[in-house]
Amino acid sequence: RLLENSRVIVAIHHKPARVGHCVIFPKRSHVPRLQACDPDDMVAIGMVLPVVKRGLRFVTGYQCYVCVLRSGPLAEQTIDQVYMEVVPTIASQPSVEIDWDPSNDRKAGLERKLTGAQAAKLVHVIRQGMGLRHTTGFRHVVYETDSILAELVQHPSSTGQMALHPKRLSPDLEDCDPHDICGCLREIPRLARALQHATRQDDFWVCLLNGPDAGQKEPHLSVQLVPCPKLKRTVAVTLKGQATIPPEVAKRLSDAMDAVAGEDQIGSALHTPSNPTESAWEEPRTNPKVNPKGVSSPWLVRARAPHPQLEEWATKRDVYGS
């Protein structure tokens, strides 16, 4: 166990692909499918994601992460409970490989492109499945709130693939308000039920790519909801490599997350910003308190750049250097 609160448990993966590979389990929703998951548990996962990423970075130095949630056997879910994996990765030695076209349709010139008529029909059916009064959307936009936007992907890997974006600029998990990510994750079960109604597909991938090395193309976070059809494989997520995490390293990871969680609680209670954080992107940054990539806070001792493996000096120091 690395971190635990009233809603979630964060634990090291039983077969970690890299040092820091961990899993977030909701404590209340013991359900096998995303469609039945409690939205509040998805919010709890969203609130703890920045804490987990920041704690892992303090100890390991990795700045880019792939967050994956699997729902159903076609999404390669191995246990009868929904959970979120957080996997550190770097470009030179990627620990996660995501193939958005395993059937080679795009290479064969059969790239899917959602036309305006197809989008309008799909948006109508999805909004109808969500129980909304008005079933006509605006072009590819399916659903919108004050903080998030859900839209159909114009070049989808499978019919109904959606992307959920925070409306505020959010380049990095550490560089954004956790409530923005929570707003996206909260709507995922509802949208999955509507997609199940619209496309008759039961299994889903949920992907969040954080950082350039993780495959994030633009400096703005988005959550991908990808249906898995039965007749053709449209997304392949492969973990590469295997790591061993010694007990003393696990203890340092746990201490780092506890420190970050306590720090955020104190900051929230006092209505003050948390200690300076670091973004995986050099520009843009949402506030001046956030350091650009590779720049360390003067009072914080940690790795300043991703490392292929955990270096010895990074584990022999406390999370907060003197």
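Definitions and limits used
Residues numbered from 1 in each chain as written. Predicted model: local features only at pLDDT ≥ 70, side-chain atom pairs only at ≥ 80, totals over all residues. Heavy atoms only, no water. Axes fitted to C-alpha atoms, helices over the stretch in contact; angles between N-to-C directions. Helix = DSSP H or I, 4+ residues; strand = E, 2+ residues; numbered from the N terminus. Parallel < 35°, antiparallel > 145°, perpendicular 65-115°, else oblique. Left-handed = near helix turned anticlockwise from the far one by under 90°. Contact = heavy atoms within 4.5 Å. Buried < 20%, exposed > 50% of the residue type's maximum accessible area, 1.4 Å probe, protein only. Polar contact = N/O pair within 3.5 Å; in protein donor to acceptor, adjacent residues only side chain to side chain. 1 Å grid on protein atoms, 1.4 Å probe; cavity = no way out; pocket = protein on both sides within 12 Å on 5 of 7 lines; lining within 4 Å. Points joined across faces, edges and corners; volume = space filled by probe spheres on them. Nonpolar A, V, L, I, M, F, W, Y, C, P; charged D, E, K, R; others polar. Expected span 1.5 Å × (residues − 1). Bend = angle between axes of the 7 residues up to and from the residue.

### Remarks on the packing of helix α2 (residues 116-129) against helix α3 (residues 178-199)
Working step 1: Between α2 and α3, the shortest axis-to-axis distance is 8 Å and the interhelical angle comes to 125°. Of the possible angle classes, the one that applies to α2 and α3 is oblique. Considering how the two elements wind past one another, α2 and α3 form a crossing that is right-handed. Listed contacts from α3 to L122, V125, I126 and G129 of α2 are A194, L195, H197, A198 and T199.

### Points about the side chain of T199
Working step 1: Mapped onto the fold, T199 is located in helix α3.
Working step 2: With relative accessibility at 15%, the residue T199 sits in the buried group.
Working step 3: A polar contact is formed between the side chain of T199 and the backbone oxygen of L195, at a distance of 2.7 Å.

### Some remarks on the layout of surface pockets
The gaps left among the atoms become clear once a water-sized probe is rolled over them.
Working step 1: If you add up the space inside the second largest pocket, you get close to 610 Å³.
Working step 2: Lining the second largest pocket we find 21 residues, and of these V153, Q161, K217, S222 and Q224 sit closest to its centre.
Working step 3: Elements that contribute at least two residues to the lining of the second largest pocket include exactly β8 (148-152), β9 (162-166) and β10 (203-210).
Working step 4: Here the residues of the lining of the second largest pocket are counted per class, giving 7 nonpolar, 10 polar and 4 charged.

### Things to note about the environment of V19
Working step 1: Looking at the element boundaries, V19 is found in the loop between β2 (8-12) and β3 (22-26).
Working step 2: Taking the relative accessible area as the measure of exposure, V19 reaches 11% and is therefore buried.
Working step 3: Once the C-alpha coordinates of V19 and P246 are considered, the two residues, 227 residues apart in sequence, prove to be 9.5 Å apart.

### Here we look at helix α1 (residues 39-60)
Working step 1: For α1, spanning 22 residues, the distance from its first C-alpha to its last is 31 Å, which sits close to the expected 32 Å at 1.5 Å a residue.
Working step 2: Along α1, the helix axis deviates most sharply at V48, where the bend reaches about 30°; the proline P50 sits within four residues downstream.
Working step 3: Counting buried residues along α1, 18 of its 22 residues qualify, which places the element largely inside the surrounding structure.
Working step 4: Between a side-chain oxygen at the N-terminus of α1 and the backbone nitrogen of D40 the separation is 3.0 Å; the capping residue is D38.

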